[in-house]
Structure formats: C-alpha cells, structure tokens
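# Structure assessment
For reference, the chains in residue letters:
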Amino acid sequence: MSSKTSVVSGIKWTSASTMGRRLLGLAANIVFARLLAPADFGLVAMAGVMLGFVDIFKDLGTGAALVREKEPRPGLLSSVFWLNCGFGLAMTLVMLALSPLVAAFYQEPRVQPVIAVMALSFFLSSLSIVHTSVLTREMAFERLAKVELAASVLSYAIGIGAALLGHGVWSLVYQVVANAALGTLFTWFASPWRPRLMFAWSEIRGITGYSLNLAGYNIFYYFAQNLDNLLIGRFLGTEALGLYDLAYKLMTFPMQAISAVFGRVMMPYYARAQDDLPRFRQAFLRVGGAIAFVTFPMMFGLLALREHFVFAVFGAAWAPVIPLLAMFAPLAAIRSVLTTTGSIYIATGHTGLQLRWGVLSNLIVFAGLAAGLKWGIVGVAAGFTLTSLLLLYPNLAIPFRLIGMEVPALARALAPTVACTALMFALVAGADLLLAGLRLDGRIGHGGLLALLTALGAASYLTCTWFLNRAMLSELLAIAGIRRPAKAGLT
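Residues numbered from 1 in each chain as written. Predicted model: local features only at pLDDT ≥ 70, side-chain atom pairs only at ≥ 80, totals over all residues. Heavy atoms only, no water.

An unreviewed UniProt entry annotates the protein chain as MOP flippase family protein originating from Massilia phyllostachyos. For the protein chain, the Sequence similarities (unreviewed entry) comment in UniProt is given as "Belongs to the polysaccharide synthase family." UniProt, in the comment section headed Subcellular location (unreviewed entry), describes the protein chain in these words: "Cell membrane". (UniProt positions renumbered as here; feature names shortened; annotations may be inferred.)

When helices and strands are tallied, the protein chain shows 23 helices and zero strands. Across the 491 residues of the protein chain, 51% fall into the buried class. (Helix = DSSP H or I, 4+ residues; strand = E, 2+ residues; numbered from the N terminus. Buried < 20%, exposed > 50% of the residue type's maximum accessible area, 1.4 Å probe, protein only.)

Next up on the list: a nonpolar patch on the surface. On the surface, Trp82, Leu197, Phe199 and Trp201 cluster together into a nonpolar patch covering about 510 Å² of accessible area. Overall, the relative accessible area of 53% leaves Trp201 in the exposed class. (Patch = residues over 30% accessible without salt bridge, like charges linked within 9 Å, V, L, I, M, F, W, Y side chains within 5 Å. Areas by Shrake-Rupley, 256 points an atom, 1.4 Å probe, with all protein chains shown as cover. Salt bridge = Lys/Arg side-chain N within 4 Å of Asp/Glu carboxyl O.)

Here the idea is simple: oppositely charged side chains can pair when their charged atoms come close. A complete count under the given rule lists four salt bridges for this structure. Two residues, Glu148 and Arg21, come together in a salt bridge whose shortest N-O distance is 3.5 Å. Placement of Glu148 in helix H8 (residues 141–164) and of Arg21 in helix H1 (residues 3–35) is noted, with a sequence separation of 127 residues between them. Among the salt bridges present, the one from Lys249 reaches Asp245, with a minimum N-O distance of 3.2 Å. Within this pair, Lys249 and its partner Asp245 are both found in helix H12 (residues 238–272), separated by four residues, close to a single helical turn. Residue Asp245 is classed as buried on the basis of its relative accessible area of 10%.

Of the volumes computed, that of the second largest pocket is approximately 630 Å³. Around the second largest pocket sit 22 residues that line it, and Pro297, Met298, Met299, Leu302 and Thr454 are the ones nearest its centre. Broken down by secondary-structure element, the contributors of at least two residues to the lining of the second largest pocket are H1, H12, helix H13 (277–304), helix H20 (407–434) and helix H22 (446–468). With seven residues, H22 is the largest single contributor of residues to the lining of the second largest pocket. Considering only residue class, the lining of the second largest pocket consists of 19 nonpolar, three polar and no charged. (1 Å grid on protein atoms, 1.4 Å probe; cavity = no way out; pocket = protein on both sides within 12 Å on 5 of 7 lines; lining within 4 Å. Points joined across faces, edges and corners; volume = space filled by probe spheres on them. Nonpolar A, V, L, I, M, F, W, Y, C, P; charged D, E, K, R; others polar.)

Our next topic: the nonpolar core. Membership of the largest hydrophobic core comes to 109 residues, with the highest contact counts inside it found for Phe32, Tyr244 and Trp318. The biggest single contributor to this core is H13, with 13 residues. Counting residues in hydrophobic clusters, the runner-up holds 10 residues, among them Val80, Leu83, Val130 and Val134. (Core = buried A, V, L, I, M, F, W, Y, C linked by side-chain atoms within 4.5 Å.)

Moving on to the side chain of Ser336. Note that Ser336 resides in helix H15 (residues 321–338). Residue Ser336 is classed as buried on the basis of its relative accessible area, which comes to 0%. Among the polar contacts listed, one links the side chain of Ser336 to the side chain of Thr295, at a separation of 2.8 Å. (Polar contact = N/O pair within 3.5 Å; in protein donor to acceptor, adjacent residues only side chain to side chain.)

Shown next, in the form of structure tokens:
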C-alpha cells in the first residue's frame, strides 16, 4: 500500500472509530440515564477524576515515544512492554491503597469500592500499549479502528445489560473494566508482535527524555480539564456531580466527535504548510468553517430545545441539567472551533508558548470555577462559561499571530454559518413559544415537540445555507462522497 493510500485509509478509519465511539458513548449514556440515578454517575465521575490522573502515568509517554522512533529495536519494544506491565500493576496497587483516602476526601464511602475495581483497568490496558504503538507505526488504522469499535460495542452491551439487571452504579464500573480487558484482548489478536523475555535499562534510557516531558505536559492539562469535577464532587456531592458531568459530556461531544477528527486529518497538512503561511491560513479558515457548519446549528439547536431534549431523552430526574445546557450549548459551539488552534502551536513549533499561555489562562478559569462554587453547579458552570468567554479573544489572537492572521478573518469566514444559525434559532425558539399551549394542554409531549422543532430547525438551516453558504455545503457533501468535489481545493 502506498504512503498516500495509507494516509487516506488512516483518515477514513480513524474518523470512523472516533465518531463511532462518541456516538456509542452518547447513546449508551442516554440509556444509562434512563436506568440509573444521577448519584450513580456522580460516584463514577468522582472515581474517574482520580483514576484519570493516574492514567496519565500509565505508560509515561512510552507509547508515543515508540511511534516516534525511526527503527525501534526488538530489545526496546520488549523492555518497554515489561516496564509498562510493571508500572500498570504498580498503579493498580497504588489506587487500591489510596481508595480509602479518596473516599475520605470526598466524604463519600461508596466511592472506595468503585475505585478499587476500576483500578484493574490500569494493569489490563498496560498490556496493550506496545502492541498499539506497533500498529500505529505500521499505519494499521483499520485494525485499530475495528479493535476500538468492537471493544466499545461489547463493553457498553455489558454495562447496559448489568444496568437492566439492577446492578446500579456497578454497571458503569463493569463497562470501564470490560472496555480495558476487551481492548487489550482484541489488540493482541490484531498485532503479530509478541514480547520477549528480556529487559534492559539501557534501552529505556534512550526514550526517557521525550516520554517524561510528554507526561509532564499532560499532567497540567488533565487538572485543567477536571478541576470542576473535583470541586463539585468534594463540596456539592455525588448527585450534583452526576448532573454536571452529563451536561459537560454533552458540551464536549462536538469537540471530541467532530473537531478531533478534523484535527487529526489536518495536522500533517499544517505541518507541511508551516512555511507557506497564506496556504496555512486558507486551510485553517476552511477547516474552522467546516466545523462551525456542523457544530453551530447542532449546539444552538440544543440551546433552543434544551427542555424538550432533557425531558424526552433523559427524563424528569435530569431537569437540573437544563440551566447548565443554557450556558454550555453556545460555549460548546465556540469551543469546537477554538480547540483547533492547538494545531497552530504544534505545527509551527511553538509548544512552549502554548504551555505558558495555557497555564495562565487556565488559572483564570480556575478562579472562575472557585468563585461560582457557592452557587452550586449552576454557579460553577457560570464561572466556567464567563471566564472562557473573557479569554476567547486572546485564545484566538495569540496563535493567529504565529501565522500572520487576524481574528476578524475568522469572523468573516464564519459569518454565513452564524447568520443561518441565528435564523434557525429564532425560528425554532419562536415556534416553541407558539406551540407551548399544545404541550400544556397535553396534546403533544416533549418528544413530539423535539421531533417537530428539530425538523423545522434542520429545514430552515439548510434552506438558508442554500442561499448564503452553498459553497461550504457542496464541499462537505464532496468530503462525504455524496457528490463530486469541486476542482478548487487544498493543494
């Protein structure tokens, strides 16, 4: 297979895996929300903060270091494998020992056994790190995608089955452990590489500088993404954290399922275009426009229909999520484009600037989270949203300066999508007010209104797009293979 064919195949399968797993996760969370209580989600989220932090140390960046190696030696691969196994076992034992302290920190004894069982995932997943790195080096993305999707489908089936049988919070725990176990098992089947009974520190020392720096970089950003969960779990309890966690997952869905796919696809292109700034800017604006074309109507539609969505999809027990979505939905639309600026730092080699600005900006966000804590989860969400909006301009301007672009250039590129989204939002919100009487009279429920107004929103957005943003629509249809691409394109 040629290099070009491998890249195209990798893009296709990586996109399928990323989108597939995010959609599976969203669907499974909807089912879990119907079967479980918010406090169950809160317990797992409490455990997840601590386990996720330890997970950063799972391989100490050795997996990425192996992918980066030009010709990894058999001795290096086997040495890293046994190092990861030992470290994975050590992390499992550490979390078992720390679980009482974590429960004491949260003042929630029920979280201790949850952490103890979920800690098994460290050792299980450590067994497949080298195999995954070998497959990645070989650009065997099809096999990796099938492994990830198969593990996700089966693990969610196990979790949902357990929930149906009344296992409560343990159904979520079973899903996490099953995903690690099945992922490792399938990866071993997919990769022909097998470890040898050999270990040499001399082999390990050659990659420690790169891997430890990478691990250190990830630590700060992990805390930046999880401080709100830590504060809510500690001071507001499991139910509040379960509600907040669901709203936050809905906010991050477009970034994880859409922006991440474009980011993976475009990174090699950006790297090649770093010395051709006009080409870089053009590509970045087109990618930002494509992401906004999908995420803006999705999230502003959720903003308009948040009440119907929560009641119809999750149920009345999740009603406190509604005000959180009022803040998170529009912020998610903005962040879906904002998150792509990380590619600028990486492609232009300015990761030091990215780290320095990331530390400063996240400290400001931390202050907003802490200030809002006295008003509960709504206050935390408001603190997060307000500080994120205050930082929006510098978050764009600083990386844009690296490629000689101004923020208004992005605003102009997004203008047609913003106009169509605003029209769609106004029509849907207006129609919802006009139809409120039908719901109050009991003639139509939340589910019926959600379906009706979603159809209205989609029709109005596509109609407006046909007149104001037809070029973007045609380009996305070409990417999806629905129509022949135009001659103009990225070169």
